[in-house]
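Examination of the molecular architecture
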Number of protein chains: 2
Amino acid sequence: MSPKITTELLKQLRQVMKSPKYVQEPVQAYIVPSGDAHQSEYIAPCDCRRAFISGFDGSAGTAIVTEQHAAMWTDGRYFLQAAHQMDNNWTLMKMGLKDTPTQEDWLVSVLPEGSKVGVDPFIIPADQWKRMSKALRSAGHDLVPVKENLIDTIWTDCPQRPCKPLITLDLSYTGVSWKDKIVALRSKMAERKVLWFVVTALDEVAWLFNLRGSDVEYNPVFFAYAIIGMNTIRLFIDGDRMMDPAVREHLQLDFTLEPEFKIQVLPYGSILSELQAVGAGLSPKEKVWLSDKASYALTEAIPKAYRYLTPYTPICIAKAVKNSSETEGMRRAHIKDAVALCELFNWLEKEVPKGTVTEIIAADKAEEFRSQQKDFVELSFATISSTGPNGAIIHYKPVPETNRTLSVNEIYLLDSGAQYKDGTTDVTRTMHFGTPSAYEKECFTYVLKGHIAVSAAIFPNGTKGHLLDSFARSALWDCGLDYLHGTGHGVGSFLNVHEGPCGISYKTFADEPLEAGMIVSDEPGYYEDGSFGIRIENVVLVIPAETKYNFKNRGSLTFEPLTLVPIQTKMIDVNLLTQKECNWVNDYHQKCREVIGAELERQGRHEALQWLIRETEPLGRVQ
Amino acid sequence: MSPKITTELLKQLRQVMKSPKYVQEPVQAYIVPSGDAHQSEYIAPCDCRRAFISGFDGSAGTAIVTEQHAAMWTDGRYFLQAAHQMDNNWTLMKMGLKDTPTQEDWLVSVLPEGSKVGVDPFIIPADQWKRMSKALRSAGHDLVPVKENLIDTIWTDCPQRPCKPLITLDLSYTGVSWKDKIVALRSKMAERKVLWFVVTALDEVAWLFNLRGSDVEYNPVFFAYAIIGMNTIRLFIDGDRMMDPAVREHLQLDFTLEPEFKIQVLPYGSILSELQAVGAGLSPKEKVWLSDKASYALTEAIPKAYRYLTPYTPICIAKAVKNSSETEGMRRAHIKDAVALCELFNWLEKEVPKGTVTEIIAADKAEEFRSQQKDFVELSFATISSTGPNGAIIHYKPVPETNRTLSVNEIYLLDSGAQYKDGTTDVTRTMHFGTPSAYEKECFTYVLKGHIAVSAAIFPNGTKGHLLDSFARSALWDCGLDYLHGTGHGVGSFLNVHEGPCGISYKTFADEPLEAGMIVSDEPGYYEDGSFGIRIENVVLVIPAETKYNFKNRGSLTFEPLTLVPIQTKMIDVNLLTQKECNWVNDYHQKCREVIGAELERQGRHEALQWLIRETEPLGRVQ
């Protein structure tokens, strides 16, 4: 992977930063955040402005360009990747390390007095604007909105914004109709005494209307906004997608129905002016509810006194707690996904020794097996298929320049998942197709102990996920090892593979408490730069737990793995496991054998079934 | 304990809330926070306004009185105590429970439109003012400063503000001279480009000048403020304490010395006008550094553009990392403290069966033994001497009305500590002088497992204490048990027994990372309302750890117990311990026997030595 040469682009950007055509006054710095106007994590090609200007295309990162400097902030998952993809014009700012300055502190340290710092007000979330603006102002600088996106002005071959057809989901998938979701939302609005709710996150629009799209790769969402009033529904969406009879039927666009469920369809681009009109028409005490992560542009459309901002919207919270239709769908999706992976690993076991399987071939094969399963839609993220040193690049994606051949001498890490119409999967397995070293087994076993510590954890109702993060690290910490990423994230139901408001990470504190029905990943790891990467990831469902004393009826929770793919026992040093951990592995494998075995049998996949049976042999007793 | 009857007081308070003599406009609600003008946790009798108005005298709680209601917010440690101490005029708001409204939400729900909410601007911290003011304003109300404290106007027999003599500490105790502390502070100020630093917390003033006082019971501090400039030092302090030759010598008040170390002594009450003068004389870019927990009154003295507010001051952070003189002092203090407790427990073992020892007698006896030790100054907090159901009142203090007699049938919990000139102690032991039930042993053993899990934890440099909190709960959680308080707090060095900026609690996120030299408590517990309380607390020092792989040279930390008092093995169900936990207990007891045994021997306390030897017999092997 050679870095993108950005000298010329940076020169152009620095020119437009001073050009009266685009800016009222020259800006001495320009911020290029990661997201799109919906603060999405995964974005459409037309929104990959940060990747365009820097070359770094990981899912998280913020670029800041000044007249003298160009700097990129990203987190531990991407330190290696960013260093590889960016040329010498760029300074990598490793977030999470003690000596790395914040963007604000860095700007203050490099800017001349009284500078202007520009940013696209549609791309920067309101909470971030506020924090940054305050810090800059207190140092004598100004954060200013630059209406025209400056990257777009120099991006001559910028692709079009996608506008793909929609998928409608019926009750058997969603469990709740979009009308009932609107009713529930309005009741939350009434509780908080707000009259309007603005839906800005793409997955929230999709969830609310029981629609899916494919405007953004891997995330079944579509570009849209909505404004929900107590009696009105406005949906902002482009293209002829609303001409699709199935969509019209689903949204009951051509029915005479209760006026409070009548959907007014408006162009995507008219959200700002419509919202400004809403804002202008408010009487005192009438409030508009927005996420505090909504864009600065939309937030500013509502006068400050009328805004009601919360870190998590009622849709975000409702969406996270899966109902029984969604849970059952997720179970089905994970069974199918496990079938595909059993096929894959069986195939790899035979093919890898021949020396013909590359990371890309393995990833493609995984997709091929998944696509054979019912209701497969697409992958849920770019497959991380990595062997040897590539495994240490936490969010690695094989490309021809980096593509290694799998061998019997190296650890292979596969982090992959799919979108099925009934659910979203995300699973990581770390395999060795030869004989792992004692050190590799040792590290794998610590990671496994961490995985089990979270998966088997019992905790009181109301516990926030971040309080479980250290459980995943304890065994690693004891030996002086750690990993620089969170332990788990929320997972959508045929929606984004990363979703809030819950998760398991030392980095968040504002996560909502875990409750039964929430679905998160459990994915500790260990990475040795230049050598190998290890990660063991299951998607797990929060379920009520039985305990001896039940927290005086406060109730207990634990996790049930939805992912049912064998964990390679060859990689386990059984002597490092407690009897309880050993039993956990054996019980888990027993369940894999029963549930996935039955499905392999049903699908007539006999060779994969034999592989499953072999891989789920119980571990010997701990000495 | 019968509740305080507050009907008449509340009537009087509601009158002054409307009286033009004290308020410009009537206030519909009046907030009575817990702290004093220094946001101290422990306060002088003249500052116990919240206890005066409500009867509830726990260390944490905020009262709000409206025309119709009187409500008290406090945390899990005090639910029972507050319920006992307050009459029916008061509603208890249990913080930390899901359905408890915040003060702001509650105010908004009960106040008539456009209300004024009053508070003493010297008592409310600036950050709290800001949050509350914003929430109230957005609901159409106003938070207003009421200059004269309204409680003081109805508190006819309010005691005088204390003004006791000072103690000077020489280098053998402090390790660093006050001049060197000023130099270090100024270098931090230069780093942040601030010209002034305002010392508002009492323990920070005491630490900075290597002085101690006794204005507040249990906390060796004195009422004072300081303003440190780059070349000036102003100390605001009342009384004739500055006439003491030892103090004058210590502060070099009568020397001709470098002008930047010349201390200008001013009256305590002149801080506001002096600070306003500083604020008025600032040029652009000149900043004044204050804690964001400094009072609203002092914060407002500096125009907003000139304020530099941080959650932790450089003094707070420097003070938390003990130097070797302080650490050695803390070790000595803990050895003496353990001697006193060995004497006490030996005495209790003989006396309790006679049925003549009450909670108060036991507490007094503990103080008596402590006071026999060298450099004893006073207790470090009110001794929690509680037996049976009283043990479940987490911050219980025995008073004649509640005073139970210790017996061979109930668990006894003693949480106590002292101030010695060389260090501060805080230790909890839970004992049974008869035969504990299987259930009591089970609960005790889970608490012990939690205590060990924290104490023996190994974690990378830079880890924040709150990430260790769940380790203390895991064994309890597994059985559906929990406790409603944090696991540990910072401990001062002959200073406040509770200090920031580090700790081990699920409640904080803004704690500073743990580093070698910090000292915290490790005190999980379990409380069964109406039956018993269990807590096991050691004070522990953060030390570098040896690990196999040492986090790629990031370095590891762990804890070393400074407290060396036997943990009653009679209460342990050995079958619930792992071999590692069993070894921890045996190693700990071995160290108690060696270190404390030698000191008991030296002090000629032979009977207590025999008790120590019996109590530190190794546990039998785990089956």
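The rules behind the values
Residues numbered from 1 in each chain as written. Chains lettered and ligands numbered in written order. Predicted model: local features only at pLDDT ≥ 70, side-chain atom pairs only at ≥ 80, totals over all residues. Heavy atoms only, no water. Pairing = 2+ DSSP bridges. Helix = DSSP H or I, 4+ residues; strand = E, 2+ residues; numbered from the N terminus. Axes fitted to C-alpha atoms, helices over the stretch in contact; angles between N-to-C directions. Contact = heavy atoms within 4.5 Å. Buried < 20%, exposed > 50% of the residue type's maximum accessible area, 1.4 Å probe, protein only. Right-handed = clockwise from strand over helix to strand, strands pointing away. Least-squares fit on C-alpha atoms with pLDDT ≥ 70 in both. Buried area = accessible area lost by both parts, 1.4 Å probe. Salt bridge = Lys/Arg side-chain N within 4 Å of Asp/Glu carboxyl O. Polar contact = N/O pair within 3.5 Å; in protein donor to acceptor, adjacent residues only side chain to side chain. Nonpolar A, V, L, I, M, F, W, Y, C, P; charged D, E, K, R; others polar. Arc of directions from axis to C-beta. UniProt positions renumbered as here; feature names shortened; annotations may be inferred. Patch = residues over 30% accessible without salt bridge, like charges linked within 9 Å, V, L, I, M, F, W, Y side chains within 5 Å. Areas by Shrake-Rupley, 256 points an atom, 1.4 Å probe, with all protein chains shown as cover. Lys, Arg positive; Asp, Glu negative; His and termini not counted. Charge placed at Lys NZ, Arg CZ, Asp CG, Glu CD. Expected span 1.5 Å × (residues − 1). Phe/Tyr/Trp six-rings, centres within 6.5 Å; stacked < 30°, edge-to-face > 60°. Parallel < 35°, antiparallel > 145°, perpendicular 65-115°, else oblique. Left-handed = near helix turned anticlockwise from the far one by under 90°.

1. Observations concerning the sheet that holds strand S12 (residues 263-266) of chain A
Residue and element names in this part refer to chain A. Strand order in the open sheet formed by six strands is S12-S11-S10-S8-S13-S14, and the pairing between neighbours is mixed. The open sheet has two edge strands with one neighbour each: S12 and strand S14 (307-310). Geometrically, the sheet is characterised by an average inter-axis angle of 20 degrees between neighbouring strands, direction not taken into account. The sheet contact formed by strand S8 (residues 196-199) and strand S13 (residues 288-291) spans two bridges and is parallel. Across the sheet, residue Trp 196 finds its bridge partner in S13, namely Val 288. Running over the sheet, helix H8 (residues 178-191) touches S8, strand S10 (224-229), strand S11 (233-237), S12 and S13 and is turned about 60 degrees from S10.

2. Things to note about the pairing of strand S3 (residues 70-74) of chain A
For a regular strand, the rule is simple: side chains alternate between the two faces of the sheet. All names here are of chain A. Counting buried positions along S3 yields five of five residues, so the element is predominantly enclosed. Because side chains alternate across S3, one face comprises the buried residues Ala 70, Met 72 and Thr 74, and the other comprises Ala 71 and Trp 73, equally buried. Two strands pair when backbone bridges link them, and strand S2 (residues 62-66) and S3 are joined in this way by four bridges, in the antiparallel orientation. Note that in S3 the partner of Ala 63 across the bridge is Met 72. As consecutive antiparallel partners, S2 and S3 are separated by three residues. Following the backbone out of S3, through helix H3 (residues 79-85) and into the adjacent parallel strand S4 (residues 91-94), one traces a crossover that is right-handed.

3. With respect to the relation of the copies chain A and chain B
Expressed as a screw operation, the relation of chain A to chain B combines 0.0 Å of axial shift with a rotation of 180 degrees, fitting to an RMSD of 0.1 Å. These values place the two chain copies in the arrangement generated by a two-fold rotation axis. A share of 100% of the interface residues of chain A reappears at the interface of chain B, consistent with the copies meeting face to face through the same patch.

4. Let's talk about the interface of chain A and chain B
Taken together, the contacts link 40 residues of chain A with 41 residues of chain B. The contact between chain A and chain B buries some 3200 Å² in all, and 57% of this surface belongs to carbon and sulfur atoms. If you sort the residues of chain A by the area they bury against chain B, A:Trp477, A:Phe509 and A:Tyr549 come out on top, with a joint share of 21%. The tally of links from chain A across to chain B stands at eight salt bridges. Notably, a salt bridge pairs A:Arg554 with B:Asp482, separated by 3.2 Å at the nearest N-O pair. The interface formed by chain A and chain B contains 18 residue pairs in polar contact (both at pLDDT 80 or more). Those elements that provide at least two residues to the side of chain A that touches chain B are helix H5 (126-138), helix H16 (438-455), strand S21 (459-460), helix H17 (469-478) and strand S25 (525-528) of chain A. With five residues, the single largest contributor to the side of chain A that touches chain B is H17(A). When the residues that make up the side of chain A that touches chain B are grouped by side-chain class, the tally is 17 nonpolar, nine polar and 14 charged.

5. Remarks on helix H11 (residues 271-280) of chain B
All names here are of chain B. Those residues of H11 that fall on the buried side of the exposure criterion are Ile 271, Leu 275, Val 278 and Gly 279. The arc that holds every buried residue of H11, seen down its axis, measures 100 degrees, which confines them to one face. Packing partners of the buried residues in H11 comprise strand S8 (196-199), strand S10 (224-229), strand S11 (233-237), strand S13 (288-291) and helix H12 (296-301).

6. A few points about the UniProt feature "domain: Creatinase N-terminal" (unreviewed entry) in chain A
Mapped onto the present numbering, the UniProt feature "domain: Creatinase N-terminal" (unreviewed entry) falls on residues 48-150 of chain A. With 34% helix and 21% strand, residues 48-150 of chain A has end C-alpha atoms that lie 13 Å from one another.

7. Quick word on a positive patch on the surface
A surface patch of positive charge is lined by A:Lys130, A:Lys134, A:Arg137, A:Lys304, B:Lys130, B:Lys134, B:Arg137 and B:Lys304. Every element with two or more residues in the positive patch is listed here: H5 of chain A together with helix H5 (126-138) of chain B. Assignment of secondary structure puts A:Lys130 in helix H5.

8. Observations regarding the environment of B:Gln373
Residues and elements named next belong to chain B. Take Gln 373: it is sitting in the loop between helix H15 (359-371) and strand S15 (376-379). Taking the C-alpha atoms as reference points, Gln 373 and Ala 510, separated by 137 residues in sequence, lie 38 Å from one another. Setting aside residues up to four positions removed in sequence, Gln 373 forms contacts with Lys 336, Val 339, Tyr 420, Gln 603 and Arg 605.

9. Concerning unusual backbone geometry
Of note, the amide linkage connecting A:Gly500 to A:Pro501 takes the cis form, showing an omega dihedral of 0 degrees. Positionally, A:Pro501 belongs in strand S23 (residues 499-504). The backbone phi angle of A:Tyr218 is positive, close to 75 degrees, even though this residue is not glycine. The phi angle at B:Asn550 is positive, at roughly 55 degrees, despite the residue not being glycine. Position of B:Asn550 among the secondary structure elements: in the loop between strand S27 (538-545) and strand S28 (556-561). On the accessibility criterion, B:Asn550 (26% relative accessible area) is partly exposed.

10. Focus: the pattern of salt bridges
Under the defined criterion, the tally for this structure stands at 78 salt bridges over all chains. One salt bridge connects B:Lys365 with B:Glu368, and the closest N-O pair in it is separated by 3.5 Å. Placement of both B:Lys365 and B:Glu368 in helix H15 is noted, with a separation of three residues, approximately one turn of the helix. Where salt bridges share partners, they join A:Asp47, A:Arg49, A:Asp152 and A:Arg161 into one cluster.

11. As for the UniProt feature "domain: Peptidase M24" (unreviewed entry) in chain A
UniProt tags residues 328-542 of chain A as "domain: Peptidase M24" (unreviewed entry). Within the segment residues 328-542 of chain A, helix and strand shares are 30% and 25% respectively, and the terminal C-alpha atoms sit 14 Å apart.

12. Concerning helix H15 (residues 359-371) of chain A
For an α-helix, the turn length of 3.6 residues means that residues three or four places apart are oriented alike. Residue and element names in this part refer to chain A. With 13 residues, H15 should cover 18 Å at 1.5 Å per step; its first-to-last C-alpha distance of 18 Å lies within 8% of that length. Considered for burial, the residues of H15 that qualify are Glu 359, Ala 362, Ala 363, Lys 365, Ala 366, Phe 369 and Arg 370. Along H15, the residues classed as buried sweep out an arc of 160 degrees about the axis, all on the same side. In this structure, the buried residues of H15 make contact with helix H14 (324-351), strand S15 (376-379), strand S16 (384-387), strand S17 (411-416), strand S18 (418-420) and strand S20 (427-432).

13. Brief notes about the side chain of B:His485
All names here are of chain B. Position of His 485 among the secondary structure elements: in the loop between helix H17 (469-478) and strand S22 (488-490). Polar side-chain contacts of His 485 include one of 2.8 Å to the side chain of Tyr 527. Excluding residues that lie within four positions of it along the chain, His 485 makes contacts with Arg 77, Ile 394, Arg 473, Tyr 506, Lys 507, Glu 523, Gly 525, Tyr 527 and Arg 535.

14. Remarks on the packing of aromatic side chains
This structure, assessed with the given rule, holds 41 aromatic pairs over all chains. Pairing A:Tyr225 with A:Tyr268 gives two aromatic rings, centres 5.3 Å apart and planes at 15 degrees, and the pair type is stacked. Taken together, the residues A:Tyr225 in strand S10 and A:Tyr268 in the loop between S12 and helix H11 (271-280) connect sequence positions 43 residues apart. The exposure classification of A:Tyr225 matches that of A:Tyr268, with both residues buried. Ring centres of B:Trp73 and B:Trp106 lie 5.3 Å apart, and the angle between their planes is 75 degrees; on these two criteria the pair is classed as edge-to-face. With B:Trp73 in strand S3 (residues 70-74) and B:Trp106 in helix H4 (residues 103-110), this pair connects stretches of sequence that are 33 residues apart. We note that B:Trp73, like B:Trp106, is buried. In this structure an aromatic cluster arises from ring pairing among A:Tyr439, A:Tyr526, A:Phe532 and B:Tyr549.

15. Thoughts on the packing of helix H4 (residues 103-110) of chain A against H5(A)
All names here are of chain A. Contact geometry of H4 with H5 gives a least axis separation of 10 Å together with a crossing angle of 30 degrees. With respect to H5, the element H4 is oriented roughly parallel. The two elements H4 and H5 cross, and the hand of that crossing is right-handed. Where H4 approaches H5, its residues Gln 103, Glu 104, Leu 107 and Val 108 are matched on the opposing element by Arg 131, Met 132, Ala 135 and Leu 136. The residue inventory of the contact of H4 with H5, partitioned by class, reads five nonpolar, one polar and two charged.

16. Side note on the sheet that holds strand S5 (residues 116-119) of chain B
Residue and element names in this part refer to chain B. Reading across from one edge, S4-S3-S2-S1-S5-S6 is the order of the six strands in this open sheet, with mixed pairing throughout. A strand with exactly one partner marks an edge of an open sheet, and here the two such strands are strand S4 (91-94) and strand S6 (142-145). Pairwise comparison of adjacent strand axes, ignoring direction, gives a mean angle of 25 degrees for this sheet. Inspection of the sheet shows strand S1 (residues 29-32) paired to S5 by two bridges, in the parallel sense. Looking at S5, one finds that Tyr 30 is bridged to Gly 118. The sheet contacts of helix H1 (residues 7-16) involve S1, strand S2 (62-66) and S3, and relative to S2 the element is tilted by about 70 degrees. Sitting on the sheet, H4 is in contact with S1, S2, S3, S4 and S5, with an inclination near 10 degrees to S2.

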